[in-house]
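Residue strings, one per chain:
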Amino acid sequence: MDQLQFKDKKVLVRVDFNVPLDAQYQITDDTRMRAAIPTIQTILQRGGTVILCSHFGRPLQKLKEDGSVNVAKFTLKHLVSHLSELLGKPVSFAEDCVGPVAEAAVAKLNSGSVLLLENTRFHAGEEKGDPAMAAQLAKLADVYINDAFGTAHRAHVSTTLVAHHFAADAKGFGYLMKAEVENANRVLNHPERPLTAIIGGAKVSDKILLLSRMLDVVDNLIIGGGMAYTFIKAQGGQIGKSLVEDDRLELAGQLMAKAKEKGVSLLLPEDSIIADRFANDANHQSVNSDAITGDWMGLDIGEKARQQFSATIMASKTILWNGPMGVFEMPNFAEGTKTIAEAVAAATQAGAFSLVGGGDSVAAVNQMGLADKVSYVSTGGGAMLEMLEGKELPGVKAIAG
Ligand code: AMP
């Protein structure tokens, strides 16, 4: 967007205003709204008029009992007054995002003002990628800016199809989107080495593509969390009642073989904190990860694993972290994740570039108050995961070509 002209132009900005509300429709976390403010302010400062659009929840999948849309619950009108506060200026609202109502609201706009359009998902065409709806939305503006990275992996009207109606010099990424794309590319395409990926979380099956792709680019791959036990079992270890996907044992073996072939150092937790129940107050003890017996289950990485993983992280120049090292929601099994978060923060302090994204690790760094001690925390869970898996995001491609 830095290269585009906004003076006296109407600028359609796709933001991600999908914020959580409480039962009284009060915003409980405005992070996503605040993240879009720099893009909006810049367009205004450069003489543009801003037309905002966003999805909000899943109104068509959560219809009222009589089959009608619950407008009261899913209207973006709930956000108008807070948005106005954040911007320090009035924000008008159009009760539809396309068609005569939207067009009339746009026609009434004074230069330099801000309009918020109603929830794009009130129209079935949004998620279906309806070309007619895309043409109607595009008609409202001269320039299109996409700043909604969190939905860039969806080929929806407002994230992707609408962009095709704007010439290359009349469309661009907003600042949030730009940061997300650049930081993912920094890890994937031109990392300073050694590059270490830390992958954790519950299931191997959710992260097969990510693990496989990481083996193509990283120097070190650290695997922790529940998914580690499928690998440990595939190596012949005893894992008791730890989380395991028996139908992925062969795949785990193939990934370990690929690591060897590519010269990637693949680290699994040497030891684990095991519990006799899946509960914070369960009995727990530390054992080697391949010697878990009976009903015991591994719920966190152990002390030796923490030391080994931390040493690898500290020796890295680029770090990607996706997924917790244990059941970090339970305080007794959060220490491993905390140690790793601290190691990532310390490595960043020492000059490494660190990207946290695409899963529960974002919640973990926030919970541990370390979000401002890493280089970048991604806002786009699924979109970041797909980008790291090497997939081309439709919302990115529609602008970058
Ligand atoms: P994901 O969404 O794939 O990043 O997985 C995150 C979830 O994995 C969190 O809710 C963790 O509690 C869970 N998790 C991490 N380690 C384990 C483990 N050892 N056993 C069971 N669940 C785990």
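The structure presented is a predicted model; accordingly, all values stated were derived computationally and were not measured. Chains are numbered independently. Their residues run from 1 in the order of the written sequence. A pLDDT threshold of at least 70 governs which residues receive local features in this predicted model, and a stricter bar of 80 or more applies before side-chain atom pairs are shown or counted, although totals over entire chains, interfaces and linings include all residues. Hydrogens and waters are ignored; side-chain quantities use all the structure's heavy atoms.

Q: Where do I start with the layout of surface pockets in this structure?
A: Rolled over the atoms, a probe sized like a water molecule indicates the empty space that remains. Buriedness of a pocket was judged along seven lines, with at least five required to meet protein on both sides within 12 Å; pockets are open sets of points on a 1 Å grid over the protein atoms alone, cavities are sets where a 1.4 Å probe fits but cannot get out, and lining residues have an atom within 4 Å of a point. Grid points are joined across faces, edges and corners, and a volume is the space filled by probe spheres set on the points. Roughly 450 Å³ of volume is contained in the largest pocket. T31, R32, V362, S378 and T379 are the residues nearest the centre of the largest pocket, which is lined by 20 residues in total. Elements with a contribution of two residues or more to the lining of the largest pocket: α1 (31-45) and α13 (361-367). The secondary structure listing takes helices from DSSP runs of H or I that are at least 4 residues long and strands from runs of E that are at least 2 residues long, numbered from the N terminus. At four residues, α1 tops the list of elements feeding residues into the lining of the largest pocket. Residues are grouped as follows: nonpolar covers Ala, Val, Leu, Ile, Met, Phe, Trp, Tyr, Cys and Pro; charged covers Asp, Glu, Lys and Arg; every other residue, Gly included, is treated as polar. Taken together, the residues of the lining of the largest pocket sort by class into eight nonpolar, eight polar and four charged. Residue contributions to the lining of the largest pocket reach at least three from each of two domains, namely domain 1 (10-173) and domain 2 (181-388). For the second largest pocket, the lining is made up of 28 residues, of which G201, A202, G226, L243 and V327 are closest to its centre. Ranked by residue count, the leading element in the lining of the second largest pocket is strand β14 (residues 297-301), at five residues. Per-class residue counts for the lining of the second largest pocket are eleven nonpolar, ten polar and seven charged. Domain segmentation is taken from an automatic or database assignment of domains.

Q: How do you make sense of the sheet that holds β14 when you look at a structure like this?
A: To summarise the sheet geometry, strands pair through backbone hydrogen bonds and adopt either a parallel or an antiparallel arrangement. In short, DSSP must find at least two bridges between two strands for them to pair. Taken together, the three strands give an open sheet; going across it, the order is β12-β11-β14, and neighbouring strands pair in antiparallel fashion. A single partner strand is all that each edge strand has here, and the edge strands are β12 (284-288) and β14. Averaged over all pairs of adjacent strands, the angle between their axes in this sheet comes to 40 degrees, without regard to strand direction. Sheet analysis places strand β11 (residues 271-275) next to β14, joined by four bridges and oriented antiparallel. Within β14, the residue paired with A275 across the bridge is M297. Only heavy atoms enter the contact rule, under which two residues are in contact if any of them lie within 4.5 Å. In this description, a line fitted to the C-alpha atoms serves as the axis of each element, helices being fitted only across the stretch in contact, and the angle between N-to-C directions of two axes falls anywhere from 0 to 180 degrees. Contacts from helix α11 (residues 303-314) reach β11, β12 and β14 within the one sheet, and its direction differs from that of β14 by about 40 degrees.

Q: Can you walk me through the site of the ligand in this structure?
A: Distances are taken per atom, and a residue is near a molecule or strand as soon as one of its heavy atoms is within 4 Å of it. The full set close to the ligand counts 16 residues, and A202, G226, G298, G326 and E329 are the nearest of them. Here a polar contact is recorded for every N or O atom pair within 3.5 Å, except that within protein the pair must consist of a potential hydrogen donor and a potential acceptor, and residues adjacent in sequence are included only if both atoms are side-chain atoms. A distance of 3.1 Å separates an oxygen atom of the ligand from a polar atom in the backbone of A202. Within the backbone of G298, a nitrogen or oxygen atom sits 3.0 Å from a nitrogen atom of the ligand. Using the Shrake-Rupley algorithm and a 1.4 Å probe, accessible areas are obtained, with residue cover drawn only from the displayed protein chains. Compared with its free state, where it exposes 500 Å², the ligand has 83% of that area covered by protein.

Q: Can you walk me through the side chain of T151 in this structure?
A: Structurally, T151 can be placed in the loop between β5 (143-146) and β6 (171-173). Leaving out residues up to four positions away in the same chain, T151 has contacts with R14, H55, R121 and T159.

Q: Quick question: what am I supposed to make of unusual backbone geometry here?
A: Among all residues save glycine, negative phi is the norm, and among peptide bonds the norm is trans. Across the junction of R193 and P194, the peptide omega takes the value 5 degrees, indicating a cis bond. For P194, the position within the fold is in the loop between α7 (175-188) and β7 (195-199). A positive phi is found at D8, a non-glycine position, where the angle reads about 60 degrees. Here Y25, not a glycine, exhibits a phi torsion of approximately 65 degrees, which is positive.

Q: What is the right way to look at the domain arrangement of the protein chain in this model?
A: As a measure of interface size, the accessible area lost when the parts come together is often cited. Segmentation of the protein chain into domains returns domain 1 (10-173) and domain 2 (181-388). For domain 1 versus domain 2, the distance between C-alpha centres works out to 36 Å.

Q: Where do I start with the nonpolar core in this structure?
A: Nonpolar side chains tend to gather and get buried jointly when the protein is soluble and globular. Take the buried Ala, Val, Leu, Ile, Met, Phe, Trp, Tyr and Cys residues and link them wherever side-chain atoms come within 4.5 Å; each set so joined is a nonpolar core. For every residue, the accessible area (1.4 Å probe, protein chains only) is compared with the maximum for its type, and the residue is labelled buried under 20%, exposed over 50%, or partly exposed between those bounds. The biggest cluster of nonpolar side chains holds 75 residues, and the ones touching the most others in it are L117, M214 and L221. Looking at which element gives the most residues to this core, the answer is α7, with six residues. Residue assignment places this core across two domains, with domain 1 (10-173) and domain 2 (181-388) each supplying three or more. If you look at the next biggest cluster of nonpolar residues, it comprises 28 residues, including V11, L83, F93 and I145.

Q: How should a positive patch on the surface be read in this particular structure?
A: Patches were defined on residues exceeding 30% relative accessible area and lacking a salt bridge, with like-charge contacts within 9 Å and nonpolar side-chain contacts (Val, Leu, Ile, Met, Phe, Trp, Tyr) within 5 Å. What makes a salt bridge here is a side-chain nitrogen of Lys or Arg within 4 Å of a carboxyl oxygen of Asp or Glu, nothing more. In this count, Lys and Arg are taken as positive residues and Asp and Glu as negative ones, while His and the chain termini are left out. Positions of charges follow a simple convention, taking NZ of Lys, CZ of Arg, CG of Asp or CD of Glu. A contiguous patch of positive charge on the surface is contributed by R58, K62, K73 and R154. Within the secondary structure layout, K62 lies in the loop between β2 (49-53) and α2 (71-74).

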